[in-house]
Amino acid sequence: MTDSDRSAPALAVTAYGRPARFEVIERGVAAPGPGQAVLRIEAASLNPYDLTIASGANDPDGKRLPLVMALEGAGVVTAVGADAVDATGREVRVGDALFGSFGGAAAGLVTVPTAGLFRRPAEVDAGEAAGLLLVGTTAEHALETVVVREGDTVLVHGASGSVGSLAVQLAAQRGATVIATASVGHHERLRGSGAIPVIYGDGLVERVRELAPQGVTAAIDTVGTDEALETSVALLDDPERLVSIANFSGAVQEAGGRVIGSGPGADPGREIRAAARPRLVEARVAGAIHVPIARRFPLRAGADAYAFLADGHAGGKVIIEP
Ligand SMILES: NC(=O)c1ccc[n+]([C@@H]2O[C@H](COP(=O)([O-])OP(=O)(O)OC[C@H]3O[C@@H](n4cnc5c(N)ncnc54)[C@H](OP(=O)(O)O)[C@@H]3O)[C@@H](O)[C@H]2O)c1
């Protein structure tokens, strides 16, 4: 490592809360150990779960402060430890462009294990690569849970969001008809992904019935509202074909549906998600799917980036570019 690689700026939460206090700090960079590499980060992807972390819910004593944010990133290798290989087992070298999931991605430099990381070809934007895997695997897990296939009519709640957008694209590719709830400003993009957009809010059941008089055969809730649950139950013949990624109240299971992810009572689906990762990378490299980028912020505007995300209507990934 060169001297300039020994410390770097990083976006950290320095006081937990909603909103939390975010600051750019200067942080030492560890030399890479076996199976590790140092990445010069090109893009870090923010997720709503970051806001739970920044609230302090996972660290009641504040022992992890200052905590560098973001759980996914893309960057270029500047130093490599012994035996570092990527997710396909290929040797990692200085200059390789890699992306994937790792803590503290909102930083100029970060030392990470490489075994779960994928290679980014030049034609795939670093922000899209940084934002692909968490939302893509969640969308795939949702589709697998309710077994979406050709001939289905799938209702996706929150379809303009990061997970929703991927769920729409992947469901359409499986040959399903997709009805997509979103605010009107996002309808054009959803039409472009092959979905039939519809505004959420009062009267949603009737609006969806007009589009699908026979009802829907599967429903994916990425929002977690009572409306998403009640609408799905009203329109589905089989409540087992409802899956939520955002309603952890127990009400979805009581209604006969399923909940996935890392919340209470949810199916983590580790194997399904692990199997989906290489397929998603392949699909993105082939241009078969796209990750919508809502906005890119420089590291110094990290607090603004999190405020934009917290607003809940970004319409795609929020990216930090150090
Ligand atoms: N369980 C898991 O494994 C897992 C994994 C990833 C994320 N999540 C959770 O899933 C949720 C979505 O994540 P994300 O990354 O897709 O978030 P996101 O990109 O911020 O998208 C949120 C979307 O929700 C829509 N929305 C907001 N209020 C709504 C309402 N009242 N009714 C219907 N739609 C509404 C917005 O659409 P408009 O802007 O068009 O209004 C927005 O596009 C978050 O709660 C996140 O924590 C869970």
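Figured I'd write up the structure that's included with this text. (Residues numbered from 1 in each chain as written. Predicted model: local features only at pLDDT ≥ 70, side-chain atom pairs only at ≥ 80, totals over all residues. Heavy atoms only, no water.)

Here the focus is the overall build of the protein chain. What the protein chain contains, in helices and strands, is nine helices and 16 strands. Since a compact globule built from 322 residues should have a radius of gyration of about 20 Å, the 20 Å found for the protein chain is in line with a globular shape. Along the first, second and third principal axes, the C-alpha atoms of the protein chain reach 65 × 40 × 35 Å. Here the protein chain holds 322 residues, and the buried ones make up 52% of them. Taken as a whole, the protein chain presents about 13900 Å² of accessible surface, with 51% of it coming from carbon and sulfur. Seen as two clouds, the 28 positive and the 38 negative side-chain charges of the protein chain have centres 4 Å apart. (Helix = DSSP H or I, 4+ residues; strand = E, 2+ residues; numbered from the N terminus. Rg over C-alpha atoms; globule rule 2.2 N^0.38 Å. Buried < 20%, exposed > 50% of the residue type's maximum accessible area, 1.4 Å probe, protein only. Areas by Shrake-Rupley, 256 points an atom, 1.4 Å probe, with all protein chains shown as cover. Lys, Arg positive; Asp, Glu negative; His and termini not counted. Charge placed at Lys NZ, Arg CZ, Asp CG, Glu CD.)

Another point: the site of the ligand. Inspection of the region around the ligand gives 21 residues, with Ser 160, Ser 183, Tyr 200, Ile 260 and His 313 positioned closest. Note that an oxygen atom of the ligand is positioned 3.0 Å from one of the side-chain N or O atoms of Arg 273. With respect to the ligand, the side chain of His 313 contributes an N or O atom lying 2.8 Å from an oxygen atom. For the ligand, whose free accessible area comes to 930 Å², the fraction covered by protein is 83%. Among the elements of the structure, α2 (126-145) and α3 (162-173) are those that each provide at least two residues to the shell around the ligand. (Near = heavy atom within 4 Å. Polar contact = N/O pair within 3.5 Å; in protein donor to acceptor, adjacent residues only side chain to side chain.)

Our focus in this paragraph is the pairing of strand β6 (residues 97-101). Across the five residues of β6, four count as buried, placing the element largely inside the fold. Where β6 and strand β8 (residues 118-119) come together, two bridges link them in antiparallel fashion. Bridged to Phe 99 within β8 is Phe 118. (Pairing = 2+ DSSP bridges.)

Spatially, the three strands line up as an open sheet ordered β2-β1-β4, and their pairing is antiparallel. The outermost strands of the open sheet, each flanked by one partner alone, are β2 (21-28) and β4 (67-68). Bridge count between strand β1 (residues 7-15) and β2: eight bridges; the pairing is antiparallel. Across the sheet, Val 13 pairs through a bridge with Phe 22, a residue of β2.

Moving on to the sheet that holds strand β13 (residues 242-244). Strand order in this open sheet of six strands is β11-β10-β9-β12-β13-β14, and the pairing throughout is parallel. Two strands lie at the open edges of the sheet, namely β11 (196-198) and β14 (258-259), each paired on one side alone. The sheet contact formed by strand β9 (residues 153-157) and strand β10 (residues 177-181) spans four bridges and is parallel. For Leu 155, the partnering residue across the bridge sits in β10 and is Ile 179.

According to the stated counting rule, one finds one cavity of 30 Å³ or more in the structure shown. In this structure, the largest cavity encloses a volume near 30 Å³. Lining the largest cavity are Phe 99, Val 124, Ala 129, Leu 132, Val 281, Arg 284 and Val 285. Contributions of two or more residues to the lining of the largest cavity are made by α2 and α8 (270-285). Tallying contributions element by element places α8 first for the lining of the largest cavity, with three residues. Of the residues contributing to the lining of the largest cavity, the split by class is six nonpolar, no polar and one charged. (1 Å grid on protein atoms, 1.4 Å probe; cavity = no way out; pocket = protein on both sides within 12 Å on 5 of 7 lines; lining within 4 Å. Points joined across faces, edges and corners; volume = space filled by probe spheres on them. Nonpolar A, V, L, I, M, F, W, Y, C, P; charged D, E, K, R; others polar.)

This part is about the packing of helix α5 (residues 204-211) against helix α6 (residues 226-235). In contact at an axis separation of 10 Å, α5 and α6 are set at 40° when each is read in the N-to-C sense. The angle between α5 and α6 places the two elements in the oblique class. α6 is crossed by α5, and the crossing has right-handed handedness. Residues Leu 204, Val 205, Val 208 and Arg 209 of α5 form the contact with α6, whose own contacting residues are Glu 227, Thr 231, Ala 234 and Leu 235. Taken together, the residues of the contact of α5 with α6 sort by class into five nonpolar, one polar and two charged. (Axes fitted to C-alpha atoms, helices over the stretch in contact; angles between N-to-C directions. Parallel < 35°, antiparallel > 145°, perpendicular 65-115°, else oblique. Left-handed = near helix turned anticlockwise from the far one by under 90°. Contact = heavy atoms within 4.5 Å.)

Before going further, it helps to spend a moment on the packing of α2 against α3. In the contact formed by α2 and α3, the axes pass within 8 Å of each other and the chain directions differ by 55°. Taken together, the axes of α2 and α3 are oblique relative to one another. Between α2 and α3 the crossing geometry is right-handed. Contact residues: α2 offers Val 135, Gly 136, Thr 138, Ala 139, Glu 140 and Leu 143, while α3 offers Ser 162, Val 163, Leu 166, Ala 167, Leu 170 and Ala 171. Looking at the contact of α2 with α3 residue by residue, the classes come out as eight nonpolar, three polar and one charged.

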